[in-house]
Number of protein chains: 2
Amino acid sequence: MKETARMIDVARAAKVGLTTVSRVLNEPKSVSEETRQRVMRAIAEIGYVPNLVAGSLASRRTNVVAAMVPTIGNPVFSETIESMSDEFREEGFHLLLGRTGEDESETESLISTFLARRPDALFIHGSKMPAAAHAMLQRAAIPVVESGDLSRAEGAVDMVVAYSNFAAAKAMTSHLLSRGHRKIAFVGRETRLNDRAQERQRGYSAALKEARIPVRSELILDLMLGYQEGAQALLHLRAVEPDLDAIFFAGDVWAAGALYECQRQGWRVPTDIAIAGFDDHIVAAQTVPPLTTVRVRRGEIGRRAAQLLLSRLRGDEVVEKIINVGFEIIERESA
Amino acid sequence: MKETARMIDVARAAKVGLTTVSRVLNEPKSVSEETRQRVMRAIAEIGYVPNLVAGSLASRRTNVVAAMVPTIGNPVFSETIESMSDEFREEGFHLLLGRTGEDESETESLISTFLARRPDALFIHGSKMPAAAHAMLQRAAIPVVESGDLSRAEGAVDMVVAYSNFAAAKAMTSHLLSRGHRKIAFVGRETRLNDRAQERQRGYSAALKEARIPVRSELILDLMLGYQEGAQALLHLRAVEPDLDAIFFAGDVWAAGALYECQRQGWRVPTDIAIAGFDDHIVAAQTVPPLTTVRVRRGEIGRRAAQLLLSRLRGDEVVEKIINVGFEIIERESA
DNA sequence: AGACAATATGGTAGCGCTTCCATTCCGATG
DNA sequence: CATCGGAATGGAAGCGCTACCATATTGTCT
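Residues numbered from 1 in each chain as written. Chains lettered and ligands numbered in written order. Predicted model: local features only at pLDDT ≥ 70, side-chain atom pairs only at ≥ 80, totals over all residues. Heavy atoms only, no water.

### Some thoughts on the overall build of chain A
For step 1, the next point in the chain: Secondary structure assignment for chain A yields 12 helices and 12 strands.
For step 2, the next point in the chain: Over its C-alpha atoms, taken along the principal directions, chain A stretches across nearly 85 × 40 × 35 Å.
For step 3, the next point in the chain: A total of 335 residues make up chain A; the buried ones form 55% of that total.
For step 4, the next point in the chain: If you sum the accessible surface of chain A, you get close to 14400 Å²; carbon and sulfur atoms cover 49% of it.
For step 5, the next point in the chain: Across chain A, 42 positive and 44 negative side-chain charges occur, with their mean positions spaced 4 Å apart. (Helix = DSSP H or I, 4+ residues; strand = E, 2+ residues; numbered from the N terminus. Buried < 20%, exposed > 50% of the residue type's maximum accessible area, 1.4 Å probe, protein only. Areas by Shrake-Rupley, 256 points an atom, 1.4 Å probe, with all protein chains shown as cover. Lys, Arg positive; Asp, Glu negative; His and termini not counted. Charge placed at Lys NZ, Arg CZ, Asp CG, Glu CD.)

Right, dumping it as structure tokens:
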């Protein structure tokens, strides 16, 4: 096995200096057309593949962006990652991907190992930033975008691209109230670990309080996400409160699962019970009846985050450090 | 802004040699407990973050694995990536993620820029490997796992972890035939770009031929994936062939969309028409009626791929270079 | 006591690039 | 014709580590 070719090998083959080869690769216009051609030919002949590890060490730039999400598998996050990845790729950046699993100590250790790779920028979608992690990022002095919930804007390390889970959940709950529903249940995720879920629940409660409707803890459920879990939640809540008007599921997957259960039970939606979701998952438009839900443009989060980071990497002064991508209530037929 | 601390700064602070600091970080047991403590304390005080870029250059190992998928957003792929990421993380490897978009030239350029980052191993899920890319990977001399379809095993760069789309589709079609269906339509993806889709269609045709049933091209559809598209396909196919018995959708999302359309139309499944899917998407168990489908363990692909790559990185001789993770027909009620 | 391992530590030469500083060579300028 | 400025190129000093080799110190066996 021959050793991999180095830049110096290309230089010798093309009978130019090392510096010239580097220039051909990094700033082609500073080299005469003739030498450029000669160098390119040598590169092709030798089959030279540049070593960006060495390049990064010398230039102190890696052209790598670290991205961290709670789980890679969740479409909500992978949509964000995908559009971010596309945006960065055009500018020659690659994505180092990690998952935190909503876990603080995991987040912390992941950030620290990521920083050792000297990414030029970092994106993190997650719950509250551990204090140690905050300090590390600050010291690293690279552009950072946090996402997850707009409330993160206070005390943020650097920049934030997000929406308000509180406002979104409150808006949906108010919408249900405006439709005349009064006994409204709420299904969300484990609120201990997850401040987005917490905010949604707060939004629900706030809307009820504003309407002077007591918040009943037995109508609030904390569950894992899943179709099955949605169906079970429906049955459970109807057992607890037979007069239940509506259920606000803070996730379309639960809501879709509940709609299936309604079909199995022969309950009419929204006449017997109204169902609302969250996320505008692609299934939401197709369920029977179509699901009323909250839309958040996940791709937009990734895109804006990338743009913010890129402009900072270009050295531009970023004035708007907090971007609220907002949300939208999608009124369909289920509520 | 102070400069970031280097290893030599830690060494001076702890009054030890540079080498010793390196040892504390890389092979702690080769250092006496006392010095180790002293070094660790210095690291904490200074807030030293190792520079893996420099480390990688010197050691010629990056502890990075490059992973490429057609699209990041598709749960089918992100599930594979997630389990692969978990498997690698335990061993201290990070994932560099890219998407190819099923495009050959994109794949080629992505591979070449990825290789410049000197990953220790590479995973690629996609269609046929472009010849140039094949050559580059061969020259790079790193362990590679290809996935997508088992047929890739012939002429593979290195290792393959996959299942047979042909066999899976054929098995499902045979299952429909065994249930007495005779007029069976097939819905798949654009087969030009995507050899997995091609293989599935071949499997469908092969099963029909074996049963001496003519393959009718008007009963074969090439579509984009989507709930909506599934519903439309159903309507279209029933218009083309009113006596249609069954539809085999090579993707659960289409199938679920079709099931919704059946509800809207009041058609009974599987009495009026049988519906089969592919993927065992989490929605499949919950639809009304539950969807008969093909299950492929996507997480398993990621896990096995990671294990294969890891054992090669450890220097073990890998005997089984081709791993067939297989598939499973999940019989539910829709067919 | 002498010989030899084993253990613990340090010095230093690269790893393959980028970047700074020279240097050379030209045509343009007065 | 001497002077200058820009374009094109090359030399060499790091970037911050790891890995190899050397050295010092201790314990172990005969």
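### Examining the protein's contact with DNA strand C
For step 1, the next point in the chain: Surveying the vicinity of DNA strand C reveals 25 residues, the closest of which are A:S22, A:Y48, B:G17, B:T19 and B:T20.
For step 2, the next point in the chain: Here the atoms of DNA strand C within 4 Å of the protein split so that 63% fall in sugar or phosphate, with bases taking the remainder.
For step 3, the next point in the chain: Taking A:N26, its side chain carries an N or O atom lying 2.7 Å from a phosphate oxygen of DNA strand C.
For step 4, the next point in the chain: Separating a base oxygen of DNA strand C from a side-chain N or O atom of B:T19 is a distance of 2.7 Å.
For step 5, the next point in the chain: Looking at the surface near DNA strand C, the elements with two or more residues in it are α2 (18-26) and α4 (52-59) of chain A together with α2 (18-26) and α4 (52-59) of chain B. (Near = heavy atom within 4 Å. Polar contact = N/O pair within 3.5 Å; in protein donor to acceptor, adjacent residues only side chain to side chain.)

### Observations concerning helix α12 (residues 298-313) of chain A
All names here are of chain A.
For step 1, the next point in the chain: The end-to-end C-alpha distance of α12 is 23 Å, a good match for the 22 Å that 16 residues give at a rise of 1.5 Å each.
For step 2, the next point in the chain: Burial in α12 covers these residues: R298, G299, E300, I301, G302, A305, A306, L308, L309, L310 and S311.
For step 3, the next point in the chain: Backbone geometry just after α12 places G315 at a positive phi near 95°. (Expected span 1.5 Å × (residues − 1).)

### Focus on the protein's contact with DNA strand D
For step 1, the next point in the chain: Around DNA strand D, 25 residues are found, and the nearest of them are A:G17, A:T20, B:S22, B:N26 and B:Y48.
For step 2, the next point in the chain: Of what DNA strand D places within 4 Å of the protein, 62% of the atoms are sugar or phosphate.
For step 3, the next point in the chain: Interatomic distance of 2.9 Å between a side-chain N/O atom of A:T19 and a base oxygen of DNA strand D.
For step 4, the next point in the chain: Interatomic distance of 2.4 Å between a side-chain N/O atom of A:T20 and a phosphate oxygen of DNA strand D.
For step 5, the next point in the chain: Looking at the surface near DNA strand D, the elements with two or more residues in it are α2 and α4 of chain A together with α2 and α4 of chain B.
For step 6, the next point in the chain: Here the surface near DNA strand D is built from residues that sort into nine nonpolar, 11 polar and five charged. (Nonpolar A, V, L, I, M, F, W, Y, C, P; charged D, E, K, R; others polar.)

### Quick look at the UniProt feature "domain: HTH lacI-type" (unreviewed entry) in chain A
For step 1, the next point in the chain: Using the residue numbers shown here, the UniProt feature "domain: HTH lacI-type" (unreviewed entry) corresponds to residues 5-59 of chain A.
For step 2, the next point in the chain: For residues 5-59 of chain A, the end-to-end C-alpha separation is 20 Å, with 71% helix and 0% strand making up the annotated structure. (UniProt positions renumbered as here; feature names shortened; annotations may be inferred.)

### Brief notes about the packing of α4(A) against α4(B)
For step 1, the next point in the chain: Between α4(A) and α4(B), the least distance of the axes is 9 Å, while the angle of their chain directions is 135°. Put simply, α4(A) runs oblique to α4(B). As α4(A) runs across α4(B), the sense of the crossing is left-handed. Here A:V53, A:A54, A:S56 and A:L57 of α4(A) lie close against α4(B), whose contacting residues are B:V53, B:A54, B:S56 and B:L57.
For step 2, the next point in the chain: Residues of the contact of α4(A) with α4(B), tallied by class, amount to six nonpolar, two polar and no charged. (Axes fitted to C-alpha atoms, helices over the stretch in contact; angles between N-to-C directions. Parallel < 35°, antiparallel > 145°, perpendicular 65-115°, else oblique. Left-handed = near helix turned anticlockwise from the far one by under 90°. Contact = heavy atoms within 4.5 Å.)

### Topic: the pattern of salt bridges
Any two side chains of opposite charge can pair, so long as their charged atoms come close to each other.
For step 1, the next point in the chain: Under the counting rule described, the total for this entry stands at 53 salt bridges over all chains.
For step 2, the next point in the chain: For A:E241, the salt bridge goes to A:K183, with nearest N and O atoms at 3.9 Å. Linking A:E241 in the loop between α10 (227-240) and β8 (246-249) with A:K183 in the loop between α8 (165-178) and β6 (184-188), this pair joins segments that are 58 residues apart in sequence.
For step 3, the next point in the chain: Given a relative accessible area of 9%, A:E241 falls into the buried group.
For step 4, the next point in the chain: Among the ionic pairs, B:E300 bridges to B:R303, the shortest N-O distance being 3.1 Å. Of this pair, B:E300 and B:R303 both sit in helix α12 (residues 298-313), three residues apart, roughly one helical turn. (Salt bridge = Lys/Arg side-chain N within 4 Å of Asp/Glu carboxyl O.)

### Description of the pairing of strand β8 (residues 246-249) of chain B
Residue and element names in this part refer to chain B.
For step 1, the next point in the chain: With burial as the criterion, each face of β8 is covered, one bearing A246 and F248 and the other bearing I247 and F249.
For step 2, the next point in the chain: Here β8 runs beside strand β9 (residues 274-276); their pairing, made up of three bridges, is parallel. Across the sheet, the residue bridging to F248 is A276, located in β9. (Pairing = 2+ DSSP bridges.)

### With respect to the interface of chain A and chain B
For step 1, the next point in the chain: In this assembly, 55 residues from chain A lie in contact with 55 residues from chain B.
For step 2, the next point in the chain: Across the chain A-chain B interface, the total number found is six salt bridges.
For step 3, the next point in the chain: Between B:D86 and A:R99 there is a salt bridge; the shortest N-O distance is 3.3 Å.
For step 4, the next point in the chain: On the surface where chain A and chain B come into contact, there are 36 residue pairs in polar contact (both at pLDDT 80 or more).
For step 5, the next point in the chain: The residue makeup of the side of chain A that touches chain B, split by class, is 25 nonpolar, 19 polar and 11 charged.
For step 6, the next point in the chain: Two strands pair when backbone bridges link them, and strand β2 (residues 94-99) of chain A and strand β2 (residues 94-99) of chain B are joined in this way by three bridges, in the antiparallel orientation. Within the sheet, the bridge partner assigned to A:L96 lies in β2(B) and is B:L96.

### Observations concerning the relation of the copies chain A and chain B
Note: a rotation about an axis with an accompanying shift along it relates these two copies of the chain.
For step 1, the next point in the chain: Placing chain A over chain B gives an RMSD of 0.1 Å and needs a rotation angle of 180°, together with 0.1 Å of translation along the axis. As the rotation angle and translation indicate, the two copies are arranged about a two-fold axis. In terms of proximity to the rotation axis, the leading residue of chain A is A:L96, whose C-alpha is 2.3 Å off the axis.
For step 2, the next point in the chain: When the interface residues of chain A are mapped onto chain B, 100% of them again lie at the interface, so the same face is used by both copies. (Least-squares fit on C-alpha atoms with pLDDT ≥ 70 in both.)

### Regarding the nonpolar core
For step 1, the next point in the chain: Formed by 136 residues in total, the largest nonpolar core has its most connected members in A:F88, A:I247, A:F249, B:F88, B:I247, B:F249 and B:I275.
For step 2, the next point in the chain: Look past the residues within four positions of B:F249 in its chain and what remains in contact with it is B:V187, B:G230, B:A233, B:W254, B:A255, B:A258, B:I275, B:A276, B:G277 and B:F278.
For step 3, the next point in the chain: Grouped together as the second largest cluster of nonpolar side chains are 32 residues, A:V64, A:L122, A:V157 and B:I124 included. (Core = buried A, V, L, I, M, F, W, Y, C linked by side-chain atoms within 4.5 Å.)

### A short note on the environment of A:V21
Residue and element names in this part refer to chain A.
For step 1, the next point in the chain: Summarising the element assignment, V21 is placed in helix α2.
For step 2, the next point in the chain: What makes V21 buried here is its relative accessible area of 0%.
For step 3, the next point in the chain: Residues V21 and M40 lie 19 residues apart in sequence; the distance between their C-alpha atoms is 8.7 Å.
For step 4, the next point in the chain: The contact partners of V21, leaving out residues within four places of it in the chain, are M7, V10, A11, V16 and V39.

### Quick word on the packing of helix α6 (residues 104-115) of chain B against helix α7 (residues 131-140) of chain B
All names here are of chain B.
For step 1, the next point in the chain: The interhelical angle for the contact between α6 and α7, taken along N-to-C directions, is 15°, at an axis separation of 9 Å. With respect to each other, α6 and α7 are oriented roughly parallel. At the point where α6 passes α7, the crossing takes the left-handed sense. Side by side, α6 and α7 meet where E108, I111, S112 and L115 of the first sit next to A132, A133, M136, L137 and A140 of the second.

### Here's the deal with unusual backbone geometry
For step 1, the next point in the chain: Backbone torsion omega between A:V288 and A:P289 reads -10°, so that peptide bond is classified as cis.
For step 2, the next point in the chain: Locating A:P289 in the fold gives a position in the loop between β9 (274-276) and β10 (293-295).
For step 3, the next point in the chain: B:P270 follows B:V269 through a cis peptide bond whose omega is 5°.
For step 4, the next point in the chain: Note on placement: B:P270 falls in the loop between α11 (252-265) and β9.
For step 5, the next point in the chain: Even without being glycine, B:R118 reaches a positive phi, approximately 50°.
For step 6, the next point in the chain: Positionally, B:R118 belongs in the loop between α6 and β3 (121-125).
For step 7, the next point in the chain: Phi is positive for B:D279, close to 120°, though the residue is something other than glycine.
For step 8, the next point in the chain: Here B:D279 is to be found in the loop between β9 and β10 (293-295).

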